[in-house]
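# Descriptive analysis of the structure
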Amino acid sequence: MTADILRLATPGVQGLSPYQPGKPIEELEREYGVADAIKLASNENPLGPSPRALDAARAVLHDIHRYPDGNGFGLKKALSQKLGVTPECITLGNGSNDILELLARAFVQPDNEVVFSEHAFAVYPIVTGAVGAKPVVTKTRHWGHDLAAMQAAVNPRTRLVFIANPNNPTGTWTRKEELDSFLRAMPAHVLVAVDEAYFEYVGEPDYPNTVAWAGRFPNLITTRTFSKIYGLAGLRVGYGVSSPEMAEILNRVRQPFNVNSVALAAASAALEDDAHITRVAQLNRDGMQRLTAAFRMLGLDYIPSAGNFVCVDVKQPATIVYEQLLREGVIVRPVANYGMPNHLRVTVGLPEENERFINALEKVLRTKD
Ligand SMILES: Cc1ncc(COP(=O)(O)O)c(C=O)c1O
């Protein structure tokens, strides 16, 4: 029965595996009988959203029997002011994942190729497979995207290139000059999606703000999200910034009400609270320093990261360490499914969560010696 149903799926979908989310805290507590578990597994903001976003969300609850504004007028206006682009350049999504999927649905055909990097975000192969196109996976250089290899992989069948900047799970980032020359070299039949889900966390001086480039490259789209630094992952809202022509095409295929009214209100309010974002970014920088100092002390290599997470090499199959950390009530993310069997990805948490993780890791590794 199951096998027959599988045969009915499109060939692209037959080869896919579902996206693996981080383990929910409740599941761990239930399965392992531990209390007070912490989750550093899904790159969430440990401080949560701005109180202004929560107030705005509560304020619209009385109206949720109405459909949301299908054009997201208020949020597009707030974003356009913040980003210095016209509202016509913005496409709203049910998370930025939605935009990644819309791109594939609107532009990519089964005889097309989609280029992305090894160890890149897991959604790229999923949206590629879902439309039956061929994924072309390029090798990384020092864990980061090798743009020269990606450029070399482009051919007349290529329709879309995904660049995660910074990338999840590696945390590596692409520099301004390199990305600029890559975009200049792209032929007109190739769309480039620069995925900036962690944009607001990045403090590197040579990190590009590609939203400012939308006018220069008609085939460029930048995607960003309210799930990460804005702390609204549960509400699902993200956006793309592109030429108005590309946005218009994406709007043809999106669901009419893909962003709900609570998310629209909360996201607009979140944009107004710069002080909250500065606080979250600072907490992240401090936490990243603490985690990486601990890795050095433990003699573990890690991949320098520009995001709110870091991959550490535990020098053995990481699922074993992951399981032992679960018993200590600490959820992190093994990344073997990203071709990184000895790494664990850890999201920067609150100071006390970081300490709890470090102590647990030290204990687990000591017990192994
Ligand atoms: C690189 C990258 N892009 C996009 C996303 C999608 O996030 P969302 O759909 O919540 O905006 C994530 C989330 O983990 C991510 O890590």
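Throughout what follows, the structure given in this document is the object of discussion. Residue numbers here run from 1 along each chain, matching the order of that chain's written sequence. Only residues with pLDDT of at least 70 get local features here, since the model is predicted, and only at 80 or more are side-chain atom pairs given and counted; chain-wide, interface and lining totals rely on the full set of residues. Side-chain numbers come from the whole structure's heavy atoms, not from hydrogens or water.

### Points about the environment of Arg105
Secondary structure elements follow DSSP: runs of H or I no shorter than four residues count as helices, runs of E no shorter than two count as strands, and numbering proceeds from the N terminus. Mapping Arg105 onto the fold places it in helix H6 (residues 96–107). A residue is classified by how much of its surface remains accessible, and Arg105, at 43% relative accessible area, is partly exposed. We call two residues in contact when some of their heavy atoms are within 4.5 Å. Dropping the residues within four chain positions of it, Arg105 is found in contact with Val131 and Val253. Only protein chains enter the calculation, and the probe is 1.4 Å; a residue is then buried if its accessible area is under 20% of its type maximum, exposed if over 50%, and partly exposed in between.

### Re the pairing of strand E2 (residues 90–93)
What you see with E2 is no split at all: Ile90 and Leu92 on one side and Thr91 and Gly93 on the other are buried throughout. Note: E2 against strand E8 (residues 238–242), four bridges, orientation antiparallel. Of the residues in E8, the one forming a bridge with Gly93 is Gly238. Pairing between strands is defined by DSSP: at least two bridges between the two strands are required.

### Description of the sheet that holds E2
The strands making up a sheet associate through backbone hydrogen bonding, with each pair oriented either parallel or antiparallel. With respect to topology, seven strands assemble into an open sheet ordered E2-E8-E7-E6-E5-E3-E4, the strand pairing being mixed. At either end of the open sheet lies a strand with only one pairing partner, and these are E2 and strand E4 (134–138). If you compare each strand with its neighbour and ignore which way they point, the axes differ by 20° on average. Only the contacting stretch of a helix is used when fitting its axis, a line to C-alpha atoms as for every element, and angles between N-to-C directions run 0 to 180 degrees. Against the sheet, helix H5 (residues 73–83) contacts E2, strand E7 (220–225) and E8, and its axis sits at roughly 125° relative to E2.

### Some thoughts on the sheet that holds strand E9 (residues 302–303)
Strand order across the open sheet formed by four strands is E9-E10-E13-E12, with antiparallel pairing between neighbours. Because the sheet does not close on itself, it has two edges, and the strands there are E9 and strand E12 (333–335). With two bridges connecting them, E9 and strand E10 (residues 309–313) associate as antiparallel partners. Pairing of Ile303 across the sheet is with Cys311, part of E10. Strands E9, E10 and strand E13 (340–347) of the sheet are contacted by helix H12 (residues 274–297), whose axis makes an angle of about 5° with E10. Relative to the sheet, helix H13 (residues 318–327) contacts E12 and E13, its axis offset from that of E13 by approximately 35°.

### A word on the site of the ligand
If even one non-hydrogen atom of a residue comes within 4 Å of a molecule or strand, that residue is called near it. Close to the ligand lie Gly95, Ser96, Asn97, Phe121, Asn168, Asp195, Ala197, Tyr198, Thr225, Ser227, Lys228 and Arg236, which account for all nearby residues. Polar contacts, as counted here, are pairs of nitrogen or oxygen atoms within 3.5 Å of one another; within protein the pair requires one atom able to donate a hydrogen and one able to accept it, and residues that are adjacent in sequence qualify only if both atoms are side-chain atoms. Here a nitrogen atom of the ligand sits 2.6 Å away from a polar atom, N or O, in the side chain of Asp195. Residue Thr225 places a side-chain N or O atom 2.5 Å away from an oxygen atom belonging to the ligand. If the ligand stood free it would expose 400 Å²; the protein chains cover 95% of that surface. Gly is put with the polar residues, along with every residue not named as nonpolar or charged; the nonpolar set is Ala, Val, Leu, Ile, Met, Phe, Trp, Tyr, Cys and Pro, and the charged set is Asp, Glu, Lys and Arg. Considered class by class, the residues forming the shell around the ligand number three nonpolar, six polar and three charged. Note on areas: these come from Shrake-Rupley sampling with a 1.4 Å probe, and a residue is covered only by the protein chains present in the view.

### With respect to H12
The end-to-end C-alpha separation of H12 is 35 Å, in line with the 34 Å expected for 24 residues at 1.5 Å each. Within the sequence span of H12, burial applies to His276, Ile277, Val280, Ala281, Asn284, Gly287, Met288, Leu291, Thr292, Ala294 and Phe295. With its phi angle positive at about 70°, Gly299 sits one or two positions after the end of H12. Residue count minus one, scaled by 1.5 Å, sets the expected span of a helix.

### Section: the environment of Arg58
Residue placement: Arg58 occurs in helix H4 (residues 51–59). Note: C-alpha distance between Arg58 and Leu102 (44 residues apart in sequence) is 30 Å.

### Quick notes on the side chain of Ser242
Within the fold, Ser242 resides in strand E8. Using a relative accessible area of 0% as the deciding quantity, one classes Ser242 as buried. Contact partners of Ser242, with chain neighbours within four places excluded, come to Cys89, Ala214, Leu220, Ile221 and Ala247.

### What to know about the packing of H4 against helix H11 (residues 261–270)
In contact at an axis separation of 7 Å, H4 and H11 are set at 150° when each is read in the N-to-C sense. The orientation of H4 relative to H11 falls into the category roughly antiparallel. Along this stretch, H4 crosses H11, giving a crossing that reads as right-handed. Judged by residue contacts, Arg52, Ala53, Ala56 and Ala57 of H4 engage Val262, Ala265, Ala266, Ala269 and Ala270 from H11. Looking at the contact of H4 with H11 residue by residue, the classes come out as eight nonpolar, no polar and one charged. An angle below 35 degrees is treated as roughly parallel, one above 145 as roughly antiparallel, one from 65 to 115 as roughly perpendicular, and anything else as oblique. A crossing counts as left-handed when the near helix is turned anticlockwise from the far one by less than a right angle, and as right-handed when that turn is clockwise.

### Considering the nonpolar core
Formed by 32 residues in total, the largest nonpolar core has its most connected members in Leu75, Leu79, Leu92 and Phe226. Counting only elements with at least two residues in this core, the list comes to H4, H5, E2, E8, H11 and H12. Once residues within four sequence positions are removed from consideration, Leu79 is found in contact with Gly84, Ile90, Leu92, Phe226, Tyr239 and Leu271. In terms of nonpolar packing, the next biggest core, distinct from the first, is built from 31 residues, Ala37, Ile38, Phe295 and Val310 among them. In this text, buried Ala, Val, Leu, Ile, Met, Phe, Trp, Tyr and Cys residues form a nonpolar core when linked through side-chain atoms within 4.5 Å.

### Section: the packing of aromatic side chains
Aromatic ring pairs are described here by two measures, namely the spacing of the ring centres and the angle between the planes. Aromatic pairs are defined between Phe, Tyr and Trp rings, using the six-membered ring for Trp, whenever the two ring centres lie within 6.5 Å; interplanar angles under 30 degrees are classed as stacked, those over 60 as edge-to-face, and all others as tilted. Within the structure shown, the criterion is met by 11 aromatic pairs. A centroid spacing of 5.7 Å and a plane angle of 45° characterise the contact between Phe199 and Tyr207, whose relative ring orientation is tilted. Judged on exposure class, the residue Phe199 and its partner Tyr207 are both buried. An aromatic cluster is present here, built from Phe116, Phe121, Tyr124 and Phe162 joined pairwise through their rings. Above the ring of Phe309, the side-chain terminus of Arg345 is found at 5.9 Å from the ring centroid. Any Lys NZ or Arg CZ found within 6 Å of a ring centre and within 35 degrees of that ring's normal is scored as a charge over the ring.

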